[in-house]
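Chain by chain, the residues:
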Amino acid sequence: MSTPAPEARARGRTIAVWSPDWPAVTAVAAAGLPPGAPAAVLAGGAVLACTASARAAGVRRGLRRREAQHRCPGLAVLPRDLAEEARAFEPVVVAVEASAPGVEVIRPGLCTVSARGPARYFGGDAGAAAHLAAQASAAGPGDECRAGVAEGSFAAALAARAGRVVPVGGTPEFLAPYPVDVLDRPDLADLLRRLGLPTLGAFAALPAADVVARFGSDGGHAHRLAAGLDPRPPAARRVPPELVVSVVLDPPADRVERAAFAARPLADELHARLSAVGLGCTRLGIEIETERGECHSRLWRYEGVLSAAAIADRVRWQLDGWLGGTAGELASRPDTAGAAGPSPGRRGALRGAVPSDAPAPGRPTGGVALLRLVPDEVVPAGRDQLSLWSASGAEDEAAGAELAERAGRALARVQGLLGQPAVVTAVLAGGRGPGDRVRYVPWGDARGPTAVEAPWPGHIPAPSPAYVPPAPLPAEVVDASGAPVAVSPRYAVSAPPARLAVAGGPARPVQAWAGPWPADERWWDAATAQACVRFQVATSDGAGWLLALADGRWWVEAVYD
Amino acid sequence: MSSAAADLLARLPGGSVAPASAALGRLLPVLPPLRPLLPGGGLRRGTTVEVGAALPDLPPARGRAGDGAVGGCSLLLALLAGPSQAGSWCAVVGVPGLGGAAAAEAGVDLSRLVLVPAPGGGWARVAAALADGFDMVVVRPPAGEAGGSVGGAAADRRALSARVRHHGSVLLSLGAWPGADLRLTASSASWEGLGDGHGRFRARRVTVSSGGRGSAGGRPRVVGLWLPASGAPLAALAPAPVVRGEEAV
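The structure reproduced in this document is the subject of the present report.

Criteria and thresholds
- Residues numbered from 1 in each chain as written.
- Chains lettered and ligands numbered in written order.
- Predicted model: local features only at pLDDT ≥ 70, side-chain atom pairs only at ≥ 80, totals over all residues.
- Heavy atoms only, no water.
- Helix = DSSP H or I, 4+ residues; strand = E, 2+ residues; numbered from the N terminus.
- Buried < 20%, exposed > 50% of the residue type's maximum accessible area, 1.4 Å probe, protein only.
- Contact = heavy atoms within 4.5 Å.
- Areas by Shrake-Rupley, 256 points an atom, 1.4 Å probe, with all protein chains shown as cover.
- Axes fitted to C-alpha atoms, helices over the stretch in contact; angles between N-to-C directions.
- Parallel < 35°, antiparallel > 145°, perpendicular 65-115°, else oblique.
- Nonpolar A, V, L, I, M, F, W, Y, C, P; charged D, E, K, R; others polar.
- Core = buried A, V, L, I, M, F, W, Y, C linked by side-chain atoms within 4.5 Å.
- Salt bridge = Lys/Arg side-chain N within 4 Å of Asp/Glu carboxyl O.
- Pairing = 2+ DSSP bridges.
- Buried area = accessible area lost by both parts, 1.4 Å probe.
- Polar contact = N/O pair within 3.5 Å; in protein donor to acceptor, adjacent residues only side chain to side chain.

### Description of the overall build of chain B
Here is step 1 of the chain: Of regular secondary structure, chain B possesses seven helices and twelve strands.
Here is step 2 of the chain: The buried share of chain B, reckoned over its 249 residues, is 52%.
Here is step 3 of the chain: For chain B, restricting intrachain contacts to residue pairs at least 6 apart in sequence, the fraction spanning at least 24 positions comes to 62%.
Here is step 4 of the chain: Of the roughly 10000 Å² of accessible surface on chain B, 56% is carried by carbon and sulfur atoms.

### A look at the packing of helix 2 (residues 22-31) of chain A against helix 5 (residues 82-99) of chain A
Between two packed helices, both the angle of their axes relative to each other and the distance between the axes serve to describe the pair.
Residue and element names in this part refer to chain A.
Here is step 1 of the chain: Packing of helix 2 against helix 5 leaves a shortest axis separation of 9 Å and a crossing angle of 100°. It follows from the interaxial angle that helix 2 and helix 5 lie roughly perpendicular. Two secondary-structure elements touch here, helix 2 through W22, P23, T26 and A30 and helix 5 through E84, E85, A88, F89 and V92.
Here is step 2 of the chain: Class assignment of the residues belonging to the contact of helix 2 with helix 5 gives a composition of six nonpolar, one polar and two charged.

### Things to note about the nonpolar core
Here is step 1 of the chain: Within the largest apolar cluster, 67 residues are counted, with the highest numbers of intra-cluster contacts made by L500 and L547 of chain A together with L34 and L172 of chain B.
Here is step 2 of the chain: Contacts of L172 of chain B, omitting those with residues within four sequence positions, involve V49, V51, L76, L79, L80, M136, V137, V138 and V139 of chain B.
Here is step 3 of the chain: With 54 residues, the next largest nonpolar core counts V17, F89, I286 and W300 of chain A among its residues.

### Details of the pattern of salt bridges
Residue and element names in this part refer to chain A.
Here is step 1 of the chain: Summed over all chains, the structure comprises 24 salt bridges over all chains.
Here is step 2 of the chain: Of the charged contacts, one joins R298 and E90 as a salt bridge, the two residues approaching to 2.9 Å between their closest N and O atoms. Of this pair, R298 sits in strand 10 (residues 295-301) while E90 is found in helix 5, placing the two residues 208 residues apart along the sequence.
Here is step 3 of the chain: Of the residues examined, R298 reaches a relative accessible area of 5% and is grouped as buried.
Here is step 4 of the chain: A relative accessible area of 9% places E90 in the buried class.
Here is step 5 of the chain: Among the ionic pairs, R264 bridges to D268, the shortest N-O distance being 3.9 Å.

### Let's talk about the sheet that holds strand 2 (residues 39-43) of chain A
Residues and elements named next belong to chain A.
Here is step 1 of the chain: Reading across from one edge, 3-2-4 is the order of the three strands in this open sheet, with mixed pairing throughout. Here the strands that pair on one side only, and so sit at the sheet edges, are strand 3 (46-50) and strand 4 (76-79). On average, each strand axis in the sheet is inclined to that of its neighbour by 40°, with strand direction left out of account.
Here is step 2 of the chain: One ladder, built from four bridges, connects strand 2 with strand 4; its direction is parallel. Looking at the pairing, V41 lines up with L78 of strand 4.
Here is step 3 of the chain: Its contacts with the sheet place helix 2 against strand 2, strand 3 and strand 4, and it is angled at close to 110° to strand 2.

### Details of helix 2 of chain A
Residues lying three or four places apart along an α-helix face the same way, a consequence of the helix completing one turn every 3.6 residues.
All names here are of chain A.
Here is step 1 of the chain: The buried count for helix 2 comes to seven of ten residues, which makes it a mostly enclosed element.
Here is step 2 of the chain: Turning to helix 2, the residues buried within the fold contact strand 2, strand 3, strand 4 and helix 5.
Here is step 3 of the chain: G32 sits one or two residues past helix 2 and shows a positive phi near 85°.

### Considering helix 8 (residues 153-162) of chain A
Here is step 1 of the chain: Taking burial as the measure, the ten residues of helix 8 of chain A include eight buried ones, the bulk of the element.
Here is step 2 of the chain: Just downstream of helix 8 of chain A, G163 of chain A is the residue with a positive phi angle, here 70°.

### Focus on the interface of chain B and chain A
Here is step 1 of the chain: At the interface, 59 residues of chain B touch 56 residues of chain A.
Here is step 2 of the chain: In total, about 4900 Å² of surface goes out of reach between chain B and chain A, with carbon and sulfur atoms giving 60% of it.
Here is step 3 of the chain: Summed over the shared surface of chain B and chain A, the number is two salt bridges.
Here is step 4 of the chain: Here D132 of chain B and R406 of chain A are joined by a salt bridge, their closest N and O atoms 3.5 Å apart.
Here is step 5 of the chain: At the boundary of chain B with chain A, the tally comes to twelve residue pairs in polar contact (both at pLDDT 80 or more).

### With respect to the side chain of R508 of chain A
Here is step 1 of the chain: For R508 of chain A, the position within the fold is in strand 16 (residues 507-521).
Here is step 2 of the chain: Setting aside its immediate chain neighbours within four residues, R508 of chain A contacts A498, R499, L500, V502, T539, D541 and W545 of chain A.

The structure is reproduced here in structure tokens:
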């Protein structure tokens, strides 16, 4: 595995802004307790997050409720409120966005931004990180946000926890001592520990191709993270436009609940469309537009592949954050408004309206009319890692889906080796020539329509040739006297062909032949016109050839191998 | 073991079959006209099969009329058709000229056929990655390395054969593969349907011979076939098949 060039390494520099104990801090603020009070948020019966004062008293993540209360008698135990966390994080994101564009929210409490612009503006990575951390701290209820800089958002998040600025190119060394649990893949981490690879450095030392072959594409993804490399696959994918889904809410939703409820089937549809072409989304853009034309868009990055439920959650978080804690009610619409869809102008006085040229998205003044999900970054959706001892031969009666999954895993590995366009599947199409009858579509793209019902007069009849060289081979066809065989404009053959020489090889005697079959295609367009005359020829060695004569030159179009 | 008996054994519930016969249950089915060629009447999982072909972009050194094998690609497609129709996935590595329309006519299910036309130098690695997940993997070892018995190419071939054996797939080689378990060669083809300036290719008579080593290969067998037949991709030759060697299978 070659180390990337210094410029490439510097390209992925990311600043992560992290607010410690975000769930606990927001819960404390929402409950009205003083900021320094010891409090813990429970999830599933165990402590999920606790404030600093509670931690000083001995409360840790994962403790049961009773144990935590035993360690810290005055502990306030609060339930988790995801909506409140998202709502409270919105001002922090806005504050960071004011200094650096292109903020990606990973989850409430952690956001990342590319370091290129801020580093140049604030005079270095450390200065930019300090500035962003100060801005974020001032905007949120938490007392102090930390920022860290490294290559890639995964390493930057870890750097933010430590409050470090990792030097350029120093990310692998920085990541090496961390335990494999930080990858947040418990099965893989367990397996790696049992194999004797307890740290990210030990995992990253394995060859990448072996890791992908053993653990699948998800394991390869984790491997790239552990090595400090850009986790995106080398072949960047352009997102085809049909993967963008949107829904128009008519009448516009005036409560967050309604908009979030409408987002759920939208998320399902996006997930279904992506899965149908074998893709998973790792970065999602959510755009919300109100009937007044106010637009709010945010990029959400996910470590792994977003599921439909995760997408719906993020839409709700974004809606919550945008509304800024108004108990779910959007501002009431004045009576003069009659439009049901988003309208560009904002004329007329509106109660509580934000000036239309305010840079930061203020509170919306109308109902939500349009929701759009744009998958910003997609990866081939691999499966979870294979067990080392899984039974490999499938019985002949295995379910087709199981075989398709195994095949898909193998294809993901090969596409990781060669790039996505290198693996293709064949789709029947219409055409006359032997190479036109089939279209090759890269694996993972939509197969598209298979239209073969239309008649194609003049097409090569069945049986089709089994070997169609990618480029036609030059050939020479001569008659009994040695002169090349020609075809007159009225499709009369000058003399029966007697010998065929392919690609400079020896001349083979012709045993039988048929033709000429003219094919004059697209004669109306000089640029794409193709006119040729086809022959079927059987030579004495038993081979069958499909020859084409175009512009006075003979070609072998296909071999009936 | 005749193919009828193999079918019967494959239908018995797994628990009541002895281990040696249980391996016969791991046979991939092929189209009926090809069954006499293969020991057990099917493609044994984990084996390597060499399908003789002489693709014309590498003209054979000795081009005497009547020399060389023809019908390699169509024989390969006929072999793929049986398992593909039964639900197996097939992958073809390094054969950029395989006719997709011919594959569809032979009966290969195009939705379970994947091609990697240009694997570059790493064809063995790609095929090894595909061996786990695909029941049938077709490779075309580059010419020039076929004769070598030492060096990187031979090591690649051994590793690939071992990998295929471990995963229970079938490796089909469109070209020479020293050490293959089974070798199928098509020869003495003659086309029917063409006249002197009229007609078209309708059917072709081909003689296919099979041989190999060990229990996967068995005795040499020779069978005459219509490949393709008129109206069908494959059919047995109506008179009794020509047999050389011991009794007919």
